[in-house]
Amino acid sequence: MSTKFRGMHILSVDQFQRDDIGVLFAVTAKMEPYAQRRKITRVLEGCVLGNLFFEPSTRSRISFGAAFSRLGGSACDTTGFQFSTMAKGESLDDTSRVVSGYVDVIVMRHPVEGSLKEFAAATNVPVISSGDGPGEHPTQALLDLYTIHKELGRDLDGLDGLKIAMVGDLKYGRTVHSLSKLLCLFKNVQFSFVSPKELSMPAEIVQRCRESGHQVQETQQLYAGISGADIIYVTRVQQERFTSEEEAERFRGSFVINQHVYDKYCKPGAVLMHPLPRDSRAGAQELSTDLNQNKRLAIFRQADNGIPVRMALFALVLGVEELVEQDNRPVRWFVPPTFGADEI
Amino acid sequence: MSTKFRGMHILSVDQFQRDDIGVLFAVTAKMEPYAQRRKITRVLEGCVLGNLFFEPSTRSRISFGAAFSRLGGSACDTTGFQFSTMAKGESLDDTSRVVSGYVDVIVMRHPVEGSLKEFAAATNVPVISSGDGPGEHPTQALLDLYTIHKELGRDLDGLDGLKIAMVGDLKYGRTVHSLSKLLCLFKNVQFSFVSPKELSMPAEIVQRCRESGHQVQETQQLYAGISGADIIYVTRVQQERFTSEEEAERFRGSFVINQHVYDKYCKPGAVLMHPLPRDSRAGAQELSTDLNQNKRLAIFRQADNGIPVRMALFALVLGVEELVEQDNRPVRWFVPPTFGADEI
Amino acid sequence: MSTKFRGMHILSVDQFQRDDIGVLFAVTAKMEPYAQRRKITRVLEGCVLGNLFFEPSTRSRISFGAAFSRLGGSACDTTGFQFSTMAKGESLDDTSRVVSGYVDVIVMRHPVEGSLKEFAAATNVPVISSGDGPGEHPTQALLDLYTIHKELGRDLDGLDGLKIAMVGDLKYGRTVHSLSKLLCLFKNVQFSFVSPKELSMPAEIVQRCRESGHQVQETQQLYAGISGADIIYVTRVQQERFTSEEEAERFRGSFVINQHVYDKYCKPGAVLMHPLPRDSRAGAQELSTDLNQNKRLAIFRQADNGIPVRMALFALVLGVEELVEQDNRPVRWFVPPTFGADEI
């Protein structure tokens, strides 16, 4: 297997070629029994993760920390909004070099775009981005792509010709940007970008999709936009994004996907995705809770996939992906048949 | 041994029958050599705890985390006051389901009563309550009962006929509510509820004790209230609970237990308990520090008991309680003969 | 080997005699292969650290946590500024005794001088100081001394006759106080204390150095102060320390060490140290970034040394220093040849 990932920083989806995705997903598939708690492995016993979150993101932090623990390693977390030494005038370079002397791999979220690249440039210890401000969140895009491939039951080549609708806040939602870029690695993708006009997909992403030979449709009409799609990827919209209350009101009325909308406007078997959190307050409900019994609602399986994808990334950058098969044993504690209470 | 606990949520003392307490305490006793650092076990190696505290409680968080570590597992902690995704409109159901995909067992403290029940209903991963607002704190009540049974050197049947005085803030102190409910499982308990009238035991607890066939005495007189008791369970009173400064003043003068009060008014050998923290500032001193050399002051042994009780709960809900005896070895690091500096 | 350290609190450099330093550094040297990730050991598997930081210090907290993890133990961290129970009137004695029932060794940073001594007096579980207010930070001084000895390639006896310049804020910088005290254990040290007059070394430290038979020079002239020194130990100056803007301005212009200053005024081979963080903002630059390619800039190796020194302290107070050689194996994950990106 490729040693290309060994010692690499994971900062952008642009680092990945189609072959790399193939390598990553093959390792991810091997990680599933551990993520699903059928087996345990200790290949990273003694290895230390610096899990550095300078912005609150409990979900991502626990996902990375749990993934690392499932490989046998130990995590040191930082959850403060400010790295105390940075407040004293320390450069990102110095912080990076000092932390590199303590830990073996670093996960970082930072509020300022570009800071991860600067941080990573100062160290040889692998740095994995968990998002920097409005910039990328590459591991989310990778787990999204893994989910698409798994939910549709297609191999990677089967993703050529994919029809995907992206719905909601396409302007500020960094996950849809990164996922669109990743999908550009495939052929003849049909993108349908569905959003209020204030929140439409940035021109450079649209252009990139088109220049890569894909079809792009942009629309403000939800029902037309989602019809025919294999994948409907919905994102949360923050009300403060709108310029007027009227516009927000119009949006609230027309961008809700519920079981009725699904039955009436979606292609049978269309897969519903969401990077989460979804807004379940009245007046939001971009993906209504009445879809919870719909077997094509993939949002929780999508979140679950964060564990094997992140385990695979840790294993690859630390070069232990081959060792997992030699060093594992069955889980002995009680594992429920499904994680969610109302799953079948 | 019973597999009743396997996969169970631990949310309320009302889930426990007398037989269940017997099972729990038998496992707790087996955990003592690990809690006292004479042996180590790794039965939960590879298992991940989500230790989610949405309210500050360093003590409980470390107690749960240390208990889980002593079984060999890894903890992912959250200490923020707000789960960041909840602020974005995520329902407790969604949060619960997502975290369940990451970890194998969840401990949660939440400021809102009822939220733990809602959270637990959405997951098949065992959830153990560490308190929700004014609601229950079941593991504290269980460790309190374990302490009573151990300090008095009686088996569970020996707790029939127990005489217990509860002193202090009986209105807001959730530990005295939960402990009273647990004691209702026994026979002929004599409860003495001692508090200022503003802070008396809620009527529904008193009624429950009486309807379960126990004797209840309510008094504002400390000395009369504690005389004859086998166990004196004291709680901290927050001054802001009083309606007038005079009332607070009166309270401060009359609800202090010190060595003099102990010698003069308590039954010889009466055991002094407190859920901690005790208020050691001048003017508070509900349990005076001059009792620190009194061998019947059980407050630190009571806190210590949190470790084996929580280890036992983890082992039972995860179904590994039988494995501990097969998988252990002696501690090799230095362990002091006593933990406290001035203990004998 | 000496068992003197077993069960000891590490609160002050004054606890160390010259022989103790020898013992500590011998164990530190044995820890280097683990700190440098060539080998792993699990001698402290099952052991729990309470990593209690009541003041923000991400760097020290991660350094202690990583050091403990590299010995195989598990850390429970507290990062809040206030121990929640302390706010409720709990005495340090009670907090200390309760935490001692949960964990096997405690690292603590506290904002109030003297609080660590009080905390440690109440427990038999070893307590290691990570600083209390303006008081001591003994592990920093120990790692500084280890760095001096290693960078100069001298054994401990070789430190007799050392010439060291300390530069910057000598009044508030607790690391220079502790290091000066430690160096008093050696013979004929030549101290050069270089600082603006507002920030000069406290008289009691100067006196102690002189009474121990060492030479002390105090100066406000940077270039004169550093000439001839084997070690130049620089500290960060906070601008708010100055009484006037003029004074601060004068300081900014005259206390910068850069490559030009190094070449012109330093003894060839002089080693540059700094406890970090260094202030890299324009107008600060007490150690200019243009020194980053200077092989005698030891600041990152100095930070790295925190890991083996802290591992050695944990191993000694927990009495496992002899077990490490029996219980280790090679690292199997990818380790970069150097941690910093631009190191040779």
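Values in this document were obtained by computation on a predicted structure and should not be read as measured data. (Residues numbered from 1 in each chain as written. Chains lettered and ligands numbered in written order. Predicted model: local features only at pLDDT ≥ 70, side-chain atom pairs only at ≥ 80, totals over all residues.)

A. Structural detail: the overall build of chain A. Scanning chain A from N- to C-terminus turns up twelve helices and eleven strands. Taken over the C-alpha trace, chain A has a radius of gyration of 20 Å; the compact-globule value for 344 residues is 20 Å, and the two agree within 12%. By residue count, 54% of the 344 residues in chain A fall in the buried class. Pairs at least 24 apart in sequence give 78% of the contacts found in chain A among residues at least 6 apart. (Helix = DSSP H or I, 4+ residues; strand = E, 2+ residues; numbered from the N terminus. Rg over C-alpha atoms; globule rule 2.2 N^0.38 Å. Buried ≥ 20, exposed ≤ 12 C-beta atoms within 10 Å, placed from the backbone. Contact = placed C-beta atoms within 7 Å.)

B. Up close: the interface of chain B and chain A. Counting from both sides, the interface comprises 38 residues of chain B and, opposite them, 34 residues of chain A. Of all the elements in the fold, those that place two or more residues in the side of chain B that touches chain A are strand 2 (48-53), strand 3 (74-78) and helix 3 (92-100) of chain B. Considering each element in turn, the side of chain B that touches chain A owes the most residues, five residues, to helix 3 of chain B.

C. Geometry of the interface of chain C and chain A. Listed per partner, the contact involves 34 residues of chain C and 38 residues of chain A. Of all the elements in the fold, those that place two or more residues in the side of chain C that touches chain A are helix 2 (58-70) and helix 11 (299-304) of chain C. The residue makeup of the side of chain C that touches chain A, split by class, is 16 nonpolar, nine polar and nine charged. (Nonpolar A, V, L, I, M, F, W, Y, C, P; charged D, E, K, R; others polar.)

D. Structural context of the nonpolar core. Grouped together as the largest cluster of nonpolar side chains are 329 residues, with contacts concentrated most on Ile232 and Tyr233 of chain A, Ile232 and Tyr233 of chain B together with Ile232 and Tyr233 of chain C. Tyr233 of chain A has contacts with Ile164, Ala165, Met166, Val167, Val176, Leu179 and Met273 of chain A, leaving out every residue within four places of it along the chain. (Core = buried A, V, L, I, M, F, W, Y, C linked by C-beta atoms within 7 Å.)

E. Representation of the domain arrangement of chain A within the structure. Residues and elements named next belong to chain A. Domain assignment breaks chain A into domain 1 (13-136 + 305-330) and domain 2 (139-301). Each of domain 1 and domain 2 was reduced to a C-alpha centroid, and the two centroids are 27 Å apart. With 21 residues of domain 1 in contact, the opposing surface of domain 2 contributes 16 residues. When contributions to the side of domain 1 that touches domain 2 are tallied by element, the ones reaching two or more residues are helix 1 (18-35), strand 5 (127-132) and helix 12 (306-317). Per-element accounting of the side of domain 1 that touches domain 2 gives the leading share, six residues, to helix 1. (Domains from an automatic or database assignment.)

F. Up close: the relation of the copies chain C and chain A. Structural alignment of chain C on chain A gives an RMSD of 0.1 Å, achieved by rotating through 120 degrees and translating 0.0 Å along the axis. Within this description, the copies of the chain are treated as partners about a three-fold rotation axis. Closest approach to the rotation axis among the C-alpha atoms of chain C is made by Ser74 of chain C, whose C-alpha sits 4.5 Å away. (Least-squares fit on C-alpha atoms with pLDDT ≥ 70 in both.)

G. Fine view of the sheet that holds strand 4 (residues 105-110) of chain B. All names here are of chain B. In space, the four strands of this open sheet follow the order 3-2-4-5, with parallel pairing throughout. Where the open sheet ends on each side, the last strands, each with one partner, are strand 3 and strand 5 (127-132). For this sheet the average axis-to-axis angle between neighbouring strands, irrespective of direction, equals 10 degrees. (Pairing = 2+ DSSP bridges. Axes fitted to C-alpha atoms, helices over the stretch in contact; angles between N-to-C directions.)

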